[in-house]
Amino acid sequence: MHREYGGVVPELASRDHIRRVLPLLQQCLQRAGLDRHDIDAIAVTIGPGLAGALLVGASIGYALGYALGIPVLGVHHLEGHLLSPLLAKPAPDFPFVALLVSGGHTQLMRVDDFGRYALLGETQDDAAGEAFDKTAQLLGLGYPGGPAVSRLAEFGTPGAHRFPRPMLHSGDLNFSFSGLKTAVLTKVRGTSNVCEQERADIAFAFVDAVVEVLVGKALQALRSTGLSTLVVAGGVGANKQLRERLSVVAQEHSLRLFFPPLDLCTDNGAMIALAGLARLRSASSVRTNAFDVRPRWPLAAA
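Residues numbered from 1 in each chain as written. Predicted model: local features only at pLDDT ≥ 70, side-chain atom pairs only at ≥ 80, totals over all residues. Heavy atoms only, no water.

## Considering the packing of aromatic side chains
Stated formally: Classification of ring pairs uses Phe, Tyr and Trp, with its six-membered ring standing for Trp, and accepts pairs whose centres are within 6.5 Å; under 30 degrees between planes counts as stacked, over 60 as edge-to-face, and the remaining range as tilted. For helices the rule is a DSSP run of H or I covering at least 4 residues; for strands it is a run of E covering at least 2, with both sets numbered from the N terminus onward. A simple rule labels every residue: compare its accessible area, found with a 1.4 Å probe on the protein chains alone, to the largest value its type can have, and call it buried under 20%, exposed over 50%, or partly exposed in between.
Taken as a whole and judged by the stated rule, the model has 5 aromatic pairs. Measuring from ring centre to ring centre gives 5.2 Å for Tyr62 and Phe291, while their planes differ by 15 degrees; the resulting arrangement is stacked. With a gap of 229 residues between them, Tyr62 in helix H2 (residues 51-68) and Phe291 in the segment after strand S8 (286-287) connect regions that are remote in the sequence. By relative accessible area, Tyr62 is classed as buried at 1%.

The following block contains the structure:
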């Protein structure tokens, strides 16, 4: 639905959520062999994100909770991503450093326990996922672009091009990907014949730059915190090149490295349920009547 626009159109997303959410809920319950009276509590994402889409989910979640007389827990979207590796086996132990890389967010967090998060660094402009999508658009790969750019990069020639590594040596743990995105744009516009091999070479150089920055900053975060466990979460956490590079680096530095299962890297209900369960056990953020949504919501304030 969004592919022809090269990105998510908020109004279309909200309308589509309205159309799909109740049939999807019914389908999930049927597959699990349950009905609505078997539900003990409801976890629902209330931010950050697109306000219209958040309102659809939150209004239905809180209405169901009120109707069934059960607790409703408002969950931070990024907390779900952050905790998603705990659904894997083996799962990481607290504390750990988390590299959270999704379409709209690129952050490094120190995670000491459920609900105890400290922001170490974040992107100052575009997130890595946004840079992937823009690069895909420039290379004619459509939307969403991350997986397509990653696949095309596998056929690229190492060293054919080299793009900047923004803020890699900035002395802090922040990121910036707008300059890298501009470098790809300049290269594409300055190339008279963007043949298939040239597209692959550009994709390789782009992915190589992103991965080097993410890996370099993650290592800096581990050194600065004195921790030796790294958790990678978010949609870009499914990137093949990032996983391979981090696996090599983890072995070289005797680090413990954890990824969520591939099907739990992108947005999913399981990670929100896990975050809701953690909040239910701590009796925090439980409400059954009033609700709000938070399009902008720092994770440290969740």
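## Focus on the nonpolar core
Test applied: The criterion is simple. A nonpolar core is a set of buried Ala, Val, Leu, Ile, Met, Phe, Trp, Tyr and Cys residues joined through side-chain atoms within 4.5 Å. The criterion used for residue contact is that any of the two residues' heavy atoms lie within 4.5 Å.
Membership of the largest hydrophobic core comes to 44 residues, with the highest contact counts inside it found for Leu99, Phe163, Phe177 and Phe206. Among the secondary structure elements, those contributing two or more residues to this core are strand S3 (96-101), helix H4 (128-138), helix H5 (146-153), helix H6 (178-189), helix H7 (196-225), strand S6 (229-233) and helix H8 (240-252). Sorting elements by how many residues they give to this core places H7 first, with 16 residues. Setting aside anything within four residues of it in sequence, one finds Phe206 in contact with Ala131, Phe132, Thr135, Val149, Phe163, Leu180 and Val184. Core analysis: the next-biggest nonpolar cluster, separate from the first, contains 19 residues, Leu78, Ala98, Ala233 and Ala275 among them.

## With respect to the sheet that holds strand S4 (residues 106-113)
Applicable threshold: DSSP-based pairing: two strands are paired if at least 2 bridges between them are found. For helices, the fitted line uses only the C-alpha atoms of the stretch in contact; every axis is such a line through C-alpha atoms, and the angle between N-to-C directions lies from 0 to 180 degrees.
A sheet is described by the order of its strands in space; here 5 strands give the open sequence S5-S4-S3-S6-S7, paired in mixed fashion. Each edge of the open sheet carries a strand with a single partner, namely strand S5 (116-122) and strand S7 (256-258). Strand-to-strand twist of the sheet, defined as the mean angle between neighbouring strand axes without regard to direction, takes the value 25 degrees. As defined by bridge partners, S3 adjoins S4 across 6 bridges and the pair is classed as antiparallel. Considered in S4, the bridge of Val97 is made with Arg110.

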